[in-house]
Structures are given as C-alpha cells and as structure tokens.
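Residues per chain, in single letters:
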Amino acid sequence: MAKSENITWQTTKIDKAQRQARFGHKSAVLWFTGLSGSGKSTIAVEVEKYLFEHQINSYVLDGDNVRFGLNSNLGFSAEDRAENIRRIGEVSKLFVDAGIITLTAFISPYQEDRERVRKILDPDEFIEVFVDTPLEVCEQRDVKHLYEKARRGEIKGFTGIDAPYEAPEHPEITIDTSKQSLETSVQQIVSYLEKHHYIKIAD
Ligand SMILES: Nc1ncnc2c1ncn2[C@@H]1O[C@H](COP(=O)(O)OS(=O)(=O)O)[C@@H](OP(=O)(O)O)[C@H]1O
Ligand SMILES: Nc1ncnc2c1ncn2[C@@H]1O[C@H](COP(=O)(O)OP(=O)(O)O)[C@@H](O)[C@H]1O
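Throughout what follows, the structure given in this document is the object of discussion.

Calculation notes
- Residues numbered from 1 in each chain as written.
- Chains lettered and ligands numbered in written order.
- Predicted model: local features only at pLDDT ≥ 70, side-chain atom pairs only at ≥ 80, totals over all residues.
- Heavy atoms only, no water.
- Near = heavy atom within 4 Å.
- Areas by Shrake-Rupley, 256 points an atom, 1.4 Å probe, with all protein chains shown as cover.
- 1 Å grid on protein atoms, 1.4 Å probe; cavity = no way out; pocket = protein on both sides within 12 Å on 5 of 7 lines; lining within 4 Å.
- Sits in = over half its atoms within 2 Å of the grid points.
- Helix = DSSP H or I, 4+ residues; strand = E, 2+ residues; numbered from the N terminus.
- Nonpolar A, V, L, I, M, F, W, Y, C, P; charged D, E, K, R; others polar.
- Pairing = 2+ DSSP bridges.
- Axes fitted to C-alpha atoms, helices over the stretch in contact; angles between N-to-C directions.
- Contact = heavy atoms within 4.5 Å.
- Polar contact = N/O pair within 3.5 Å; in protein donor to acceptor, adjacent residues only side chain to side chain.
- Salt bridge = Lys/Arg side-chain N within 4 Å of Asp/Glu carboxyl O.
- Buried < 20%, exposed > 50% of the residue type's maximum accessible area, 1.4 Å probe, protein only.
- Points joined across faces, edges and corners; volume = space filled by probe spheres on them.
- Core = buried A, V, L, I, M, F, W, Y, C linked by side-chain atoms within 4.5 Å.

A word on the site of ligand 2
Around ligand 2 lies a shell of 14 residues, among which G37, K40, S41, T42 and Q180 are the nearest. Compared with its free state, where it exposes 570 Å², ligand 2 has 74% of that area covered by protein. Using a 2 Å cut-off from the grid points, one finds that ligand 2 occupies the largest pocket. Per-element accounting of the shell around ligand 2 gives the leading share, three residues, to helix α2 (residues 40-53). Among the residues forming the shell around ligand 2, the class breakdown is three nonpolar, nine polar and two charged.

Things to note about the sheet that holds strand β2 (residues 58-62)
As summarised here, the arrangement of the five strands in space is β2-β3-β1-β4-β5, forming an open sheet in which the pairing is parallel. Whereas interior strands pair on both sides, the edge strands pair on one side only; in this sheet they are β2 and β5 (173-175). Sheet twist, expressed as the mean angle between neighbouring strand axes with direction ignored, is 20 degrees. Along the sheet, helix α4 (residues 78-97) contacts β1 (29-33), β2 and β3 (101-105); its crossing angle with β1, the most-contacted strand, is approximately 155 degrees. The strands touched by helix α5 (residues 111-120) within the sheet are β1 and β4 (126-131), with β4 carrying the most contacts at an inclination of about 155 degrees.

With respect to helix α1 (residues 16-23)
If you check the start of α1, you find a side-chain oxygen 3.2 Å away from the backbone N of A17, and it comes from D15. After α1 finishes, the residue G24 shows a positive phi value of roughly 80 degrees.

Some thoughts on the pattern of salt bridges
Side-chain pairs of opposite charge can arise where the charged atoms are in close proximity. Within the structure shown, the criterion is met by 17 salt bridges. Across the salt bridge formed by R118 and E128, the nearest N and O atoms sit 3.4 Å from each other. In this pair, R118 is assigned in helix α5 and E128 in strand β4, connecting sequence segments ten residues apart. We note a salt bridge from D176 to K179, for which the minimum N-O separation is 3.4 Å. Residue D176 is classed as buried on the basis of its relative accessible area of 13%. K179 gets classed as exposed once you look at its relative accessible area, which sits at 73%. What you see here is one network of salt bridges that share partners, running through R114, E115, R118, E128 and E172.

Points about unusual backbone geometry
Phi at N6 takes a positive value of approximately 55 degrees, unusual for a residue other than glycine. In this structure, N6 sits in the segment before α1. Here the phi dihedral of D142 falls at roughly 35 degrees; this positive angle occurs in a residue that is not glycine. One can find D142 in the loop between α6 (135-141) and α7 (146-151).

Digging into the layout of surface pockets
In this structure, the largest pocket encloses a volume near 770 Å³. Considering every element that reaches the lining of the largest pocket, the biggest residue donor is α2, with four residues. For the lining of the largest pocket, the residue count by class is 14 nonpolar, 15 polar and nine charged. Within this model, the second largest pocket holds a volume of roughly 400 Å³. Forming the walls of the second largest pocket are 16 residues, and the residues nearest its centre are W9, R19, K93, L94 and D97.

With respect to the nonpolar core
Counting residues in each nonpolar core, the largest one holds 25 residues, and the members touching the most others are L30, F32, I189, L193 and I199. Where this core is concerned, the elements lending two or more residues are β1, α2, β3, β4, β5 and α8 (182-195). Every residue in contact with I189, bar those within four places of it in the chain, is listed here: L30, F32, I43, V47, V129, I173 and I175. Judged by nonpolar contacts, the second largest core, of eleven residues, contains V66, I88, F106 and V117.

Limitation: the analysis is restricted to geometry and does not speak to function.
Here it is in structure tokens:
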C-alpha cells in the first residue's frame, strides 16, 4: 500500500520523554468509541476542559470536524471508515509524540480498525473508552436527526441501523451515559488517568 520511495526517517533532538518531563504528565490517546449520539464528543470535550484547567496539555480530534478537513474525501463505506481511522490513528500518534493527551471521538465501529491503531502506539498509550449507551437511547436523543433519516432510508449504511457496530472486547474504560451523569463520566476518566500515573492533579 505504501507508495513513498526513497524516504529516510529523520530523527529529532528532542524526544517524547523530554516533552513529557517538561509538561509534567504522560501522553496517550483516549480513544472514544460508540454509536452516534452515545456521548463521545460531549464527554471528550468536557474531559479536555477539565485537563486544560488543571494545566494538562490535551486536544480533541472529533469525527465530524476531521471529516470537514483532513478526511473530507472519505465516506462511510467500511473501506472509507478504515482509512478514516487509520489516518486518525497516525495523527494521534504524532500528538502523543508531541506530549499531548489526545482525545478522539469517532464511532470507529470495527474492532480490527481500532486494534490497528492500538498496535502502532506503545502498550500504555491507547486507552479505549467504550461509550456503551444503548441504541434506543441514542436514537431517542437523535441530536442531529440522523437516525430519523436512516429509518426512513434517506441515509444508507448508518451505524446501528443498517451498518454494524462491533463493541470493544476489553475496553480500558466503559461508560453508559443512560446510567451516569456527564460529571461522573469525566471523573471516571480523570481517576483512571491518575490511578495509572498519566497525570497528577494538584490538590
Ligand atoms: N452512515 C453514517 N453512519 C454513521 N455516522 C454518520 C453516517 N453518515 C453521517 N454520519 C455522521 O458522521 C459522524 C461519524 O463520523 P466518524 O468519522 O466518527 O465515523 S467512523 O468512525 O468513520 O465510522 C456521526 O457523528 P457522531 O454523531 O458524532 O458520531 C454522524 O453525525
Ligand atoms: N450523561 C450524559 N453524558 C453525555 N451526554 C449526554 C448525557 N445525557 C445526555 N447527553 C446528551 O447526549 C448527546 C450526545 O451527543 P454527542 O456527544 O454528540 O454524541 P456522539 O459524539 O457520540 O455522537 C448530547 O446531546 C448530550 O447532551
């Protein structure tokens, strides 16, 4: 698949460990996955805000936003979703190298695509956050009226309706927004990061 030839890896004089030491926290990807409307973006944005307010460098890569720019040439076939996730995985790796806690909010419905991203990162750098909100609840919310359109057949291949969602088998974190508040979810993620020594929140 690689088309580039005659390329050599350029080393730099500052590495990830030095950046992490300067920032005072580790870097990793919080990889949110779940149905449309499950709460990925809402939680990711809130965690980013919390981390920012506690002097931790973080950044959200969001499905809709990235599809306006970097991935504007991709649709929703299985192949295009795989390429979408591959590119975001590579971008996340760069962000992690830059020392940033990166939050990605993509449906990322295929186990294989998510596992491919896990493999290009160091073992503790990929934290899978399964936003396990039931389809009925997501559909009832229907924030963007997309489920309505999918049910009417106006959108083909909509995740959860006529395209698959493969739930993670061993996510590091599981959240069900039909059972827990946004504040609880944020705390759950921050606690995970603290417990596993990615960050230390000053008292
Ligand atoms: N066919 C189909 N299936 C699922 N979602 C669709 C579709 N068409 C458009 N949308 C809108 O695109 C958002 C999902 O984009 P992602 O990049 O996260 O999708 S994927 O990871 O490549 O599967 C998704 O946004 P979220 O609601 O934020 O998940 C939808 O708004
Ligand atoms: N406990 C909760 N946690 C997160 N979102 C919630 C919660 N309860 C209701 N919501 C609502 O659910 C919707 C989730 O939408 P969004 O975050 O865009 O989902 P996704 O990014 O997964 O498509 C938002 O309108 C949000 O306000």
